[in-house]
Amino acid sequence: MTVQDHDITTATDTAKLPQPMQPPLKQATYKAHTTDFVVNELLPLEFTGEGEHLWLHIQKSGMNTAYLAKLLSEWAEIPLRDVGFSGLKDRHALTTQWFSLRIPKKQLPDSEFAPVDISANESVTILEQQWHNKKLNRGTHRANQFIITLRDIEFADIDNPFSNPEQLLSTKQAVEQHLTTISQSGVPNYFGSQRFGRSGNNIREALSLFARPVPEARPQPNKSKRKRVPREQNTMELSAARSLIFNKILAVRVGDGSWNTGLAGEVFNLDGSGSIFASDEIDDTLQGRLESGDIHPTAVLWGTANDKVSGQAADIENDIVAQSPLLTQLATGLEQRNIKAQRRALRLPIEALSWQWQDIEDGQALILNFTLTTGSFATSVLASLVQELSTSSSSMS
């Protein structure tokens, strides 16, 4: 059975993914202004004060991380490979993150970093600089802090709460109770829509990639005992394929209520770490650790050697893929390229969640402040709160 184009568009529509509870906000807009979406990289580190790597703490808006890295390499007159950063930050946001520049003999450029070939909607400010003896590598930062402002709010249960102050107060209290609940229970750890590209184009690219012959392994010199794995350049497509399969498994687990309780044969993730372990049954000890948030159930990031999961948990993962022609094609393509299976937590804990209401000219704004571990999506938190979430990135100022 062939996969139709509309199947991909529908499959990658993250707005239709199920939630454990009904979101209390019917509609809201975010990213109406640059300052409505603030991301601060949390990178606890003690600098040595010596070495040839200049670390820059930079606030930016209107440009992506890769382009800023290019500007820094040109300013310092160093190869792009000598510019390090931990993670990619949203272009349509006000973000802070660290970059490292390898400066041989600490010979800084004569002029300060002040790029002139940027548009009026782009800005770059150096907040701090430190010398260190190591390059900043990808995935180094622990977490990101988000400060997000929601505007154009419509409540789910009431058409016009602003005509009745008491009704508005009660409605806002219900929203706050929902926020209190998810701060304790977490939310489904879905991949966000940006992982799949516009209308799912990254999945289309993945299918095109999988339709081509698998690259052959390069021959190794006789003196080397290591087997070289063919280098796969299409990381975006591979990541999108794994993410879509994961989201579909998580959606089923949310539907049956097992996303935060576990199943027989489950593989668990230790909170705040990459450690995992398997268990044939859910005993009282595991149940207590699940309820406390010490461990989380997981699902597969599809690939070969998915042998840690078993029992009911394994059956669900395999059945979901087998029943979908699209997921079957993606899974087969990943296996043929020898991508090794990994595990990802089904539950996303929300750290330090706080909020405040703000009166604005046309109603109410809700400002959320929270921290998420690296690799998770703020939109997963917003999706648990808002039924119809829209952006105004084209009008950001």
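A. Highlighting the packing of helix α4 (residues 201-210) against helix α8 (residues 325-336). Where α4 meets α8, the axes come as close as 10 Å, and the angle between the chain directions of the two elements is 55°. It follows from the interaxial angle that α4 and α8 lie oblique. When you trace α4 past α8, the crossing you get is left-handed. Every residue of α8 that contacts α4 at I203, A206, L207 and F210 is listed here: L326, Q329, L330, G333 and L334.

B. Region of the structure containing helix α5 (residues 235-256). Taking 1.5 Å of rise per residue, 22 residues should cover 32 Å, and α5 covers 32 Å from first to last C-alpha, within 8% of that figure. Just beyond α5, the residue with positive phi is G257, at close to 80°.

C. How the structure looks around the packing of aromatic side chains. Considering all chains together, one arrives at twelve aromatic pairs under this definition. Measuring from ring centre to ring centre gives 6.1 Å for F37 and F146, while their planes differ by 65°; the resulting arrangement is edge-to-face. Of this pair, F37 sits in strand β2 (residues 37-42) while F146 sits in strand β7 (residues 143-155), and the two are 109 residues apart along the sequence. With respect to burial, F37 and F146 carry one shared label: buried. Linked through ring pairs, Y30, F37, F146 and F370 together constitute an aromatic cluster. Above the plane of the ring of F191 lies R344, whose end atom (NZ or CZ) is 3.8 Å from the centre. Positioned over the ring face of F246 is R344, at 5.4 Å from the centre of the ring.

D. Layout of α8. Compared with an ideal rise of 1.5 Å per residue, which puts twelve residues at 16 Å, α8 spans 16 Å between its outermost C-alpha atoms and is within 8% of the ideal. Turning to α8, its buried residues are L326, L327, L330, A331, G333 and L334. Projected onto a plane normal to the axis of α8, the buried residues spread over an arc of 160° and lie on a single side. In the segment just after α8, N338 is the residue with positive phi, at about 60°.

E. Focus on the pairing of strand β5 (residues 94-102). By the criterion of burial, β5 is predominantly enclosed, with eight of the nine residues buried. Relative to β5, β2 runs parallel, the two sharing three bridges. The partner of V38 across the bridge, within β5, is L94. Note that strand β3 (residues 53-61) and β5 share nine bridges and pair antiparallel. Across the sheet, the residue bridging to I58 is Q97, located in β5. Bridge analysis of strand β4 (residues 83-85) against β5 gives three bridges, and the strand direction is antiparallel.

F. View of the side chain of N269. Tracing the backbone shows N269 in strand β9 (residues 267-270). Here S273 takes part through its backbone oxygen, which lies 2.9 Å from a polar atom of the side chain of N269. There is a polar contact of 3.2 Å between the side chain of N269 and the backbone oxygen of S275. Non-local contacts of N269, meaning those with residues more than four positions away in its chain, are made with G274, S275, I276, D294, I295, H296, T298 and A345.

G. Region of the structure containing the confidence of the model for the chain. In this model, the chain carries an average pLDDT of 90, and 92% of its residues clear a pLDDT of 70 or more. The model gives residues 226-232 a pLDDT under 50, and that stretch makes ten contacts with residues more than four places away or in other chains. Every residue in residues 393-397 is under pLDDT 50, and counting partners more than four places away or in other chains gives twelve contacts.

Calculation criteria
- Residues numbered from 1 in each chain as written.
- Predicted model: local features only at pLDDT ≥ 70, side-chain atom pairs only at ≥ 80, totals over all residues.
- Heavy atoms only, no water.
- Axes fitted to C-alpha atoms, helices over the stretch in contact; angles between N-to-C directions.
- Helix = DSSP H or I, 4+ residues; strand = E, 2+ residues; numbered from the N terminus.
- Parallel < 35°, antiparallel > 145°, perpendicular 65-115°, else oblique.
- Left-handed = near helix turned anticlockwise from the far one by under 90°.
- Contact = heavy atoms within 4.5 Å.
- Expected span 1.5 Å × (residues − 1).
- Phe/Tyr/Trp six-rings, centres within 6.5 Å; stacked < 30°, edge-to-face > 60°.
- Buried < 20%, exposed > 50% of the residue type's maximum accessible area, 1.4 Å probe, protein only.
- Lys NZ or Arg CZ within 6 Å of the ring centre and 35° of its normal.
- Arc of directions from axis to C-beta.
- Pairing = 2+ DSSP bridges.
- Polar contact = N/O pair within 3.5 Å; in protein donor to acceptor, adjacent residues only side chain to side chain.
- pLDDT = per-residue confidence, 0-100.

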